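Summary of the model geometry
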Amino acid sequence: MPGPERSPVLIVTTILTLLIGVALAIGGVWLIMLGGSWFYAIAAVGFLLTGILLLAQKPAALWVYALVVAGTLGWALWEVGLHWWPLAARGDVVFLIGLLLLTPWVTRRLDDRPPASPSDRNATVRRVSAFRGAGLPLTAILAIALAVAVASWFIDPTRIDGTAPGVRADVPDDLLGVPPGEWHAYGRTAFGQRYSPLNQITPENVANLQEAWTYRTGDVRGRPGDPEETTFQVTPLKFGNRLYLCTPHQSIIALDDTTGKEVWRYDPKIRGELALQHLTCRGLSYYHGNGAAAAAPAPAPVATASSVPDLPVAASERQTSDNCPTKLFMPTADGRLIALNPENGAVCTAFGGGTGQINLWANMPNVKPGAYYSTSPPAIARNLIIVGGTVLDNVSTSEQSGVIRAFDVNTGALVWNWDSGRPDVTTPLAPGETYVPNSPNSWSISSVDEALGLIYIPLGNQPPDQWGGNRSANVDRFSSSVVALDIATGQMRWVFQTVHHDLWDYDVPSQPSLIDLNIGGQTVPALVQPTKQGELYVLDRRTGQPVLPVTEKPAPQGAAPGDRTSPTQPVSALSFDPPPLTERDMWGATLFDQLACRIAFKKLRYEGRYTPPSLEGTLVYPGNFGVFNWGSVAVDPERQIAFTTPTYIAFVSQLVPRQDDKTLYVQGENRPESSLPALNENFGAPFAVKLSAFTSALGVPCQAPPWGYVAAADLTTGKILWKHKNGTVRDASPIPLPLPMGVPNLGGPMMTASGVAFLSGTIDYFVRAYDVSNGNQLWEARLPAGGQATPMTYTGADGRQYLLVVAGGHGSLGTKAGDYVIAYALPKT
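Sequence order as written defines the numbering, with residues in each chain counted from 1. Only residues with pLDDT of at least 70 are given local features in this predicted model, and only at 80 or more are side-chain atom pairs given and counted; all residues enter the totals for whole chains, interfaces and linings. Values reported for side chains reflect all heavy atoms of the structure, with hydrogen atoms and water molecules removed beforehand.

**Describing the overall build of the protein**
Numbering goes from the N terminus for both helices and strands, where a helix is a DSSP run of H or I of at least four residues and a strand is a run of E of at least two. When helices and strands are counted, the protein shows 8 helices and 43 strands. Against the 2.2 N^0.38 benchmark of 28 Å for 829 residues, the protein shows a C-alpha radius of gyration of 30 Å, consistent with a compact globule. Principal axes of the C-alpha set define a box for the protein whose edges measure 115 × 70 × 55 Å. Every one of the 829 residues in the protein was classed for burial, and the buried ones make up 61%. In this tally, Lys and Arg are treated as positive and Asp and Glu as negative; His is ignored, and so are the chain termini. Charged side chains are reduced to one point each, which is NZ for Lys, CZ for Arg, CG for Asp and CD for Glu. Within the protein, one finds 59 positive and 67 negative side-chain charges whose respective centroids are separated by 8 Å. Every radius of gyration here is taken over C-alpha atoms, with the globule rule written as 2.2 Å times N^0.38, N being the number of residues. To sort residues, take the accessible area from a 1.4 Å probe on protein chains only and compare it with the maximum for the residue type: under 20% means buried, over 50% means exposed, and anything in between is partly exposed.

In C-alpha cells form, the structure reads like this:
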C-alpha cells in the first residue's frame, strides 16, 4: 500500500536535513583530521540517517533526530555548561530543525501503519504528531532543551560579584592645585586618574540626568584624503567658565560651559597630501602660568616652521597675542606645536620666535609630513611642554625617531631631548644632526609628578611590530616599556618593561595613573600601568619597582627565521589576562560557522599568550586591539581601586616573506600610488604581515562572548572585586536587537567621588553610569553616534555638575561618525 503523499514542507525538510548532514560530515572529518572534536562527524551521521528515513517517509526519522537533539544537548552542556551564548551556537540549527520536523506538514506525511497483509487490509491508521507516536520523544527532548536554554538566561558564568571598599584615604579636593569643578588635563590632572572629586551626581540621583545642551563641531570624517582612522576622540578641558576641545581635522574650539555656545574657533590650516594613518586629536594641553624657571641644560634655538618647506605659519593673517600668561597647546597632523591664548584663541607670538608655533620635524630623520605627529596631548611639567609622537605603523624600517622632547612653554626653545635609540645623551641636538631613526616612540599620554620631578612615558615598538631580528640592544631595552625621566634634564631615572622582545604589537597604549596607596600601614607613591595584554602593573613611581608582585613566567618559543623570543614574560599579580583559548571556546552565529571557527583554530599556531608570529598564521590572544588601550583606566584615590573596561578580541597574525622592498604583499598591486601608506607591508624587513581579527565568515568573532566588561580591582591587593559583561550588539548586528552580549570598548572610563563611574566607548551608542561599589548599571542615554572617547565632568558657572560626552564614532570599529559634544545635568531645582 503506498504511503501518504509527500508535502512540499516534507520535501524541503528532507533536502535540508541531508544537506546539513553532508556539510557536517565534510567539516567534521576535516576537524577530526586536525585533532578536533568528533561531535560534528557523529552529528552528521544522525542528520543523514534522519534525511534518509524522511525520504522513505518513516516515522523512525523522528526517533533518530530525538537522539541527535539529546546528544547535542549533552555535548553542549559538557563543553560550556549553562552559558547561553555558547549553548545557542551549538544548538540553534539543531533545535530549529527539530521544530520543523514536528510540524503537521511533516508528521502527517510519515507512514505509521504496519505493513498491509491480506488478512489485515482494514488496519487502523496510527497517526504521528508532536504528541503521539514517534513525535513524542522528539517533543520531550526539545522541551528539555528549551528549559535548559531558559535556565541559562539567568546564569552568567563569566560574572564576578563583589563589593568595592569605601573611602580608605583622605585626598584633598584640589589635588595638584586643580579646582574640584575643573578638568585641566586629559586625565583631569597630571596624575592621569580620570577621577573627579565632584559629588552632586550620585548613585541615588544619576537616573535623573537629562541632556542640558548639544554642540556640533561641523567636523566629520569623509573629506578627500581622510584615512580610515579619522576619529573624534577628544576629552575636552575645562577651566574658568569655558570648555576647550579639538576636532579630527585639528580645529580648536572654546565653548561656554553652561550653554555650549561657541566662543571662538581656531583653524591651523593643516597642509594637504599628508601620509596619514591616523587623523585625530585626543586633547589639548593647558599651561596655567605658574611654572618655575627652566633648568639646565641651556635651551637650543627655537625650531620654527620655516625649517620645513610649505608648513603653514600659525600667526599669518590671524589674531595674535604677545602676552599669554596661560596657554593652550595643540600638536597638529602636519608636525607643528601651536600655542594659543585661551581667552580669545589668538596665537601666542612669543612662542616659537614670533610665529606662535614650533616645528616638530626639526632634527627628524626620514621627513615625510603626516608620517609623524602627536595624536595625544603633550604633558605640561613645570614650565616645560613635553612631546612624543606617533610614526607610521608597520610601513617600513625607515621611519622617524621616537624621540621625546621638552620645550620651554614660553619661548618654544628646546630644553632637552631623550631618544630611546640614544638614551644617555639628552642635550639638544645641533642643527643638521638627526635623531635615531625608527626608535621606539610614545604615541599615548604621559603623566607627571612634579614633586618627584619625574615624567612617566609609555613607549611603543620599533616597526615592524611582528619581527624583531634586527633590533638593537637599546630598542630591545625600551620597547613596550614605561620610562621615568627627570623633568629638568630628560635623564632616565628608571624603566620597567611590560613585554620582553615584543612581537605582538603589545606597545604600552595607556596613560599611567599615579596614585598614593596605603599598603601595610605605609603610603606608597604608586603608578598603575594598564597594558594591551591585560596586565595592570602597580609600581613604586619613585623607583619603578613592583608594589604588587610581578613574576617572570615561561613563554612559548619558536620565532620566525632570523628572530628570537624571550624565554619569559612579566605577569602582574593584578591581571585581566583571559584564560587561554581552547577549541570549545570557538563560537559562531550558527552551528556551521562555529565549526568553521574550530577548523580555523586548529589550523593556526597557538600555544597561549605570546605565541610567536609564524608563516602558517598565529592566533594572538588578547589581540593587539588590547585588553586596555588609549582610554586607560580610572583610579579612585580615596577607595584605592581601579575602574576598568577589559576587552577580549583575538587576532590572527601571519608573516609573509618579502622578496624585495617594492612589491605589495598585503594590499595588492592595484593600490593607487597616491593612496595612504601600505599598512603592514614592512618595507625593509624580511616579512610583511597579514593581520586581522579572528572572525567567522559571517564577520562575528570566532571566540565566544562576552567580549567586553566593566570591572573593579583593589590596587592594594590585586584582587578583582567585581566584573560584569557590558554593552549590547544593537549597533553592530544586521538586526538592531539590544542583546546584552558584552561588547568591545574603545575609550576610557571616568569616576567621581560620589561613587559613580561613566563610560561611553562601547560599540553600541550609549553613555552609561555605574555604581562603583558593585558595578551595577544605574543609567544610560542613547548617543547619536559612536562614543569612542573618554567622558569628563565639571561644575558649570550655574553651580551644576555636568557630564560631558563626545560622540564622533571610530573608523576602524565602524561606529557611526558624528560631531557631537553633549552635556548632561540633573534637572534644575
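Here the narrative resumes.
**Side note on helix α8 (residues 591–603)**
In an α-helix, one turn spans 3.6 residues, which is why side chains three or four residues apart end up on the same side. Expected helix span is given by 1.5 Å per residue-to-residue step, counting one fewer step than there are residues. In a regular helix each residue adds 1.5 Å, so 13 residues correspond to 18 Å; α8 covers 19 Å between its end C-alpha atoms and thus fits that length. The set of residues buried in α8 consists of Leu591, Asp593, Gln594, Leu595, Cys597, Arg598, Ile599 and Phe601. Buried residues in α8 make contact with α1 (8–33), α2 (39–55), α3 (60–80), α4 (84–101) and β30 (618–620). In what follows, residue pairs with any heavy atoms lying within 4.5 Å of each other are defined as contacts.

**Observations regarding the sheet that holds strand β17 (residues 384–387)**
When DSSP finds two or more bridges between a pair of strands, those strands are recorded as paired. With antiparallel pairing, 4 strands are arranged side by side in an open sheet as β16-β17-β19-β20. In the strand order of this sheet, the two ends are held by β16 (379–381) and β20 (414–418), each with one partner. Pairs of neighbouring strands in the sheet enclose a mean axial angle of 20°, with direction left out of account. Helix axes are fitted to C-alpha atoms over the stretch in contact, other axes to C-alpha atoms as well, and angles between N-to-C directions run from 0 to 180 degrees.

**With respect to a nonpolar patch on the surface**
Taken together, the side chains of Leu77, Leu82, Trp153, Phe154 and Ile155 present a nonpolar region at the surface, about 510 Å² in accessible area. For Leu77, a relative accessible area of 32% corresponds to the partly exposed category. Exposure above 30% relative accessible area and the absence of a salt bridge qualify a residue for a patch, where like charges join within 9 Å and nonpolar side chains (Val, Leu, Ile, Met, Phe, Trp, Tyr) within 5 Å. Calculation of accessible area relied on Shrake-Rupley with a 1.4 Å probe; when residues are assessed, cover is drawn exclusively from the protein chains displayed. Any carboxyl oxygen of Asp or Glu within 4 Å of a side-chain nitrogen of Lys or Arg constitutes a salt bridge here.

**Structural notes on the side chain of Ser653**
Within the secondary structure layout, Ser653 lies in strand β33 (residues 651–657). Non-local contacts of Ser653, meaning those with residues more than four positions away in its chain, are made with Gln466, Pro613, Ser614, Gly617, Thr618, Val620, Val689, Lys690 and Leu691.

**As for the pattern of salt bridges**
Opposite charge on two side chains permits pairing when their charged atoms draw close. Applying the stated criterion to the full structure yields 27 salt bridges. Arg605 is paired through a salt bridge with Glu607; the nearest N and O atoms lie 2.7 Å apart. For Arg605, a relative accessible area of 14% corresponds to the buried category. A relative accessible area of 45% means that Glu607 is categorised as partly exposed. One salt bridge connects Arg639 with Asp636, and the closest N-O pair in it is separated by 2.6 Å. The exposure class of Arg639 is buried, given its relative accessible area of 12%.

**Points about the side chain of Ser376**
With respect to the helices and strands, Ser376 occurs in the loop between β15 (372–373) and β16. Residue Ser376 is classed as buried on the basis of its relative accessible area, which comes to 1%. A distance of 3.0 Å separates a polar atom in the side chain of Ser376 from a polar atom in the side chain of Arg282. In contact with Ser376, other than residues within four places in its own chain, are Arg282, Pro331, Trp443, Ser444 and Ile445. Within 3.5 Å is the distance limit for a polar contact, defined as a pair of N or O atoms, with the added protein rule that one can donate a hydrogen and the other accept it, and that residues adjacent in sequence qualify only through two side-chain atoms.

**Considering unusual backbone geometry**
Put simply, Pro463 and Pro464 share a cis peptide bond, and its omega is 0°. Mapped onto the fold, Pro464 is located in the loop between β22 (454–458) and α7 (473–478). That bond from Pro705 to Pro706 is cis: its omega, 5°, falls within 30 degrees of zero. Relative to the assigned elements, Pro706 resides in the loop between β34 (687–693) and β35 (709–714). If you check the backbone angles, Leu176 has positive phi at about 65° while not being a glycine. A relative accessible area of 46% places Leu176 in the partly exposed class. Of note, the phi angle at Ser480 is positive, near 50°, even though the residue is not glycine. With respect to the secondary-structure elements, Ser480 resides in the loop between α7 and β23 (481–486). On the basis of relative accessible area, Ser480 is assigned to the buried category, the value being 0%.

**A few points about the nonpolar core**
By convention a nonpolar core is built from buried Ala, Val, Leu, Ile, Met, Phe, Trp, Tyr and Cys residues, the set being connected through side-chain atoms within 4.5 Å. Membership of the largest hydrophobic core comes to 54 residues, with the highest contact counts inside it found for Trp213, Leu328, Phe758, Trp779, Leu803 and Tyr824. Excluding its chain neighbours within four sequence positions, the residues that come into contact with Leu803 are Leu209, Met750, Phe758, Val767, Trp779, Pro791, Met792, Thr793, Ile822, Ala823 and Tyr824. Grouped together as the second largest cluster of nonpolar side chains are 40 residues, Leu10, Ala66, Leu110 and Leu142 included.

**As for the state of the cysteines**
Disulfide: a covalent bond formed between the sulfur atoms of two cysteine residues. Here, the term disulfide refers to a pair of cysteine sulfur atoms separated by no more than 2.5 Å. All told, the structure shown has 3 disulfides when counted by the stated rule. One disulfide bridge connects Cys246 with Cys281, the sulfur atoms lying 2.0 Å from each other. For the disulfide bridge between Cys246 and Cys281, the dihedral angle about the S-S bond is near -85°, and by the sign convention the bridge is left-handed. Within this pair, whereas Cys246 is found in strand β5 (residues 242–246), its partner Cys281 is found in the loop between β8 (278–280) and β9 (285–287), the two being separated by 35 residues in sequence. Each member of the pair, Cys246 as well as Cys281, is classed as buried. The disulfide that involves Cys597 links it to Cys702, with 1.9 Å between the sulfurs. Between Cys597 and Cys702, the S-S dihedral sits near -70°, and the bridge is therefore left-handed. Highlighted residues: Cys597 in helix α8 and Cys702 in the loop between β34 and β35, separated in sequence by 105 residues. Taken as a pair, Cys597 and Cys702 share a single burial class, namely buried.

**Regarding the confidence of the model for the protein**
Residues with a pLDDT of 70 or more make up 93% of the protein, whose mean pLDDT is 92. For residues 304–309, every residue scores under 50 in pLDDT, and the model assigns this stretch 10 contacts once sequence neighbours within four places are set aside. Note on scores: pLDDT gives the predictor's confidence for each residue, bounded by 0 and 100.

**What to know about the sheet that holds strand β1 (residues 195–196)**
Spatially, the 5 strands line up as an open sheet ordered β1-β37-β38-β39-β40, and their pairing is mixed. Edge strands, defined here as strands with exactly one partner in the open sheet, are β1 and β40 (777–782).

**Description of the packing of α2 against α3**
Where α2 meets α3, the closest approach of the two axes is 8 Å, and the angle between their N-to-C directions is 165°. Taken together, the axes of α2 and α3 lie roughly antiparallel to each other. Considering how the two elements wind past one another, α2 and α3 form a crossing that is left-handed. Within the contact between the two elements, α2 uses Phe39, Tyr40, Gly46, Phe47, Leu49, Thr50, Leu53 and Leu54 and α3 uses Ala60, Ala61, Val64, Tyr65, Val68, Gly71, Thr72 and Trp75. Three classes are used: nonpolar for Ala, Val, Leu, Ile, Met, Phe, Trp, Tyr, Cys and Pro, charged for Asp, Glu, Lys and Arg, and polar for all others, with Gly counted as polar. By residue class, the composition of the contact of α2 with α3 is 12 nonpolar, 4 polar and no charged. The scheme is simple: roughly parallel for angles under 35 degrees, roughly antiparallel for over 145, roughly perpendicular for 65 to 115, oblique for anything else. Crossings are assigned a handedness: left-handed for a near helix turned anticlockwise from the far helix by less than a right angle, right-handed for a clockwise turn.

**Things to note about the packing of aromatic side chains**
Only rings of Phe, Tyr and Trp enter the pairing, Trp through its six-membered ring, and a pair is recorded when the two centres are within 6.5 Å. The plane angle decides the type: under 30 degrees is stacked, over 60 is edge-to-face, the rest tilted. Under the definition given, this model contains 26 aromatic pairs. Consider the rings of Phe643 and Trp722, whose centres lie 5.8 Å apart with planes at 65°: the pair is edge-to-face. With Phe643 in strand β32 (residues 641–644) and Trp722 in strand β36 (residues 720–725), the pair connects residues that are 79 residues apart, well separated along the chain. Judged on exposure class, the residue Phe643 and its partner Trp722 are both buried. Taken together, the ring pairs in this structure connect Phe239, Tyr244, Trp264 and Tyr286 into an aromatic cluster. Definition used: whenever NZ (Lys) or CZ (Arg) falls within 6 Å of the ring centre and also within 35 degrees of the ring normal, the charge is taken to sit over that ring. The aromatic ring of Trp75 is capped on one face by Arg90, whose charged end is 5.5 Å from the ring centroid. We note Lys723 situated over the ring of Tyr709; from NZ or CZ to the ring centre the distance is 4.5 Å.

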